[in-house]
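Coordinates in review
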Amino acid sequence: MFRKRGPKMTDDQHKPAPEAAETDTHTKTVSEDGLDIPDTETDNLQEDLETEFPGLDGMDENMFGQVQEMMAKLGRADELEKENADLKGRLARLAADFENYRRRTQEDVAAAQGQGVSRAAEALMPVYDDMDRAVTMGAAEPAKLIPGMQAVQGKILTMFAGLGLEATGKEGEAFDPQWHEALQVVPGDEDDVIVQVYQLGFRMGDRLVRPARVVVSKKG
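The structure contained in this document is the topic of the report that follows. The shown structure was predicted, so the numbers you read here are calculated from the model rather than taken from an experiment.

What counts, and where the lines are drawn
- Residues numbered from 1 in each chain as written.
- Predicted model: local features only at pLDDT ≥ 70, side-chain atom pairs only at ≥ 80, totals over all residues.
- Heavy atoms only, no water.
- Pairing = 2+ DSSP bridges.
- Helix = DSSP H or I, 4+ residues; strand = E, 2+ residues; numbered from the N terminus.
- Axes fitted to C-alpha atoms, helices over the stretch in contact; angles between N-to-C directions.
- Patch = residues over 30% accessible without salt bridge, like charges linked within 9 Å, V, L, I, M, F, W, Y side chains within 5 Å.
- Areas by Shrake-Rupley, 256 points an atom, 1.4 Å probe, with all protein chains shown as cover.
- Salt bridge = Lys/Arg side-chain N within 4 Å of Asp/Glu carboxyl O.
- Lys, Arg positive; Asp, Glu negative; His and termini not counted.
- Charge placed at Lys NZ, Arg CZ, Asp CG, Glu CD.
- Buried < 20%, exposed > 50% of the residue type's maximum accessible area, 1.4 Å probe, protein only.
- Expected span 1.5 Å × (residues − 1).
- Arc of directions from axis to C-beta.
- Polar contact = N/O pair within 3.5 Å; in protein donor to acceptor, adjacent residues only side chain to side chain.
- Contact = heavy atoms within 4.5 Å.

**Focus: the sheet that holds strand S3 (residues 166-168)**
Strand order in the open sheet made by the three strands is S3-S6-S7, with antiparallel pairing throughout. In the strand order of this sheet, the two ends are held by S3 and strand S7 (207-210), each with one partner. Each adjacent strand pair in this sheet contributes to an overall mean axis angle of 35°, direction not counted. With three bridges connecting them, strand S6 (residues 201-204) and S7 associate as antiparallel partners. Across the sheet, Met204 pairs through a bridge with Arg207, a residue of S7.

**Thoughts on unusual backbone geometry**
Not every positive phi belongs to a glycine, and Asp192 is a case in point at roughly 55°. With respect to the helices and strands, the residue Asp192 is situated in the loop between strand S4 (180-188) and strand S5 (194-199).

**Here's the deal with a negative patch on the surface**
Together, Asp189, Glu190, Asp191 and Asp192 give the surface a local cluster of negative charge. Along the chain, Glu190 turns up in the loop between S4 and S5. Taking relative accessible area as the criterion, Glu190 reaches 52% and is therefore assigned exposed.

**Description of helix H4 (residues 145-162)**
In an α-helix, one turn spans 3.6 residues; hence positions three or four apart end up facing the same way. Relative to the 26 Å expected for 18 residues at 1.5 Å per residue, H4 spans 26 Å between its end C-alpha atoms, a close match to the ideal helical length. Of the residues making up H4, those classed as buried are Gly148, Val152 and Met159. The buried side chains of H4 occupy one side of the element, clustering within an arc of 40° when seen end-on. Seen from the open side of H4, the exposed residues pointing more than 90 degrees away from its buried face are Ile146, Gln153 and Thr158.

**So, the pattern of salt bridges**
Enumeration according to the criterion identifies six salt bridges in this entry. A salt bridge links Glu99 to Arg102, with the nearest nitrogen and oxygen atoms 2.5 Å apart. One end of the pair is Glu99 and the other is Arg102, both in helix H3 (residues 61-140) and three residues apart, which spans about a single turn. Look at Arg102 and you get partly exposed, because its relative accessible area is 32%. Arg133 is the salt-bridge partner of Asp130, the closest N and O atoms lying 2.3 Å from each other. Linking Asp130 with Arg133, this pair stays in helix H3, spanning three residues, or about one helical turn. With relative accessibility at 48%, the residue Arg133 sits in the partly exposed group. Via salt bridges that share partners, Asp130, Arg133 and Lys155 belong to a single interconnected network.

**A closer look at the side chain of His180**
Considering the arrangement of structural elements, one finds His180 in strand S4. According to the relative accessible area criterion, His180 is buried, its value standing at 5%. For His180, the side chain forms a polar contact with the side chain of Thr168, separated by 3.0 Å. His180 has contacts with Thr168, Gly169, Glu173, Ala174, Phe175, Ile194, Ala212 and Val214, leaving out every residue within four places of it along the chain.

Any functional reading would require information beyond the geometric quantities listed.
Pasting the structure below:
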C-alpha cells in the first residue's frame, strides 16, 4: 500500500523563521525570576562613570553610593560658588551706593554750613555798621560813644533772641550752678545772689550754650 504524500516543501520552507526585529535598542536587565528590570538613572550614571573612569568598573553598591554622594556635593559646591559670586556682586553694588550716599551727604553738609556762615555774616553786618558809626561819633564826641555801644549791644541781644538764645547771669539774679559759674564769693546781704557779671551767659531752652561767669554774695 502506498501512502499519500503531501505537497513538496520548497527550500524556503525548510529555512528557520527569522527572529523578530528588536523593538527596543536598550538592553533590559533580567532578574533571577525572569522578570525584566528597567534601567534607572542610577544605572545610567554608573555606566557613565564606568565609561569616563574605567577603573571604577565593578565597584560595589557602597562605593557607588559614596561616589554619588561626592558628585552631589560637587554639584552643590558649584551652586554655592555661584551664590557667593552673586553675593559679592551685590555687596560691591551696595558699597558703591553707600559711597555715593556718603559723598552726597558730605556735599550737602558742606553746602548747609556754607549757607549758615553766609547768613550769620549777613546778620552781623548791620552790627558792624553800628559799631563803626559809634566809634566814628565817639572819636569826635566821646560822650556819645557809650550810648552808641549800648545800642549795638541791644541789637545783638535782639538778634540772639531771634535765634532762640536767652541771656542769663544778670545782676540781682539768683545764682544757679546749672547756668552760672561763680568766679568769686563776696560778703553780702543775701546768699547766692549775683552781684557782678564778668561774662554774660546764654542758654537755648534747657540746653546751656555758655555759662555766665559771675560774682556771688554770701551772708557774712
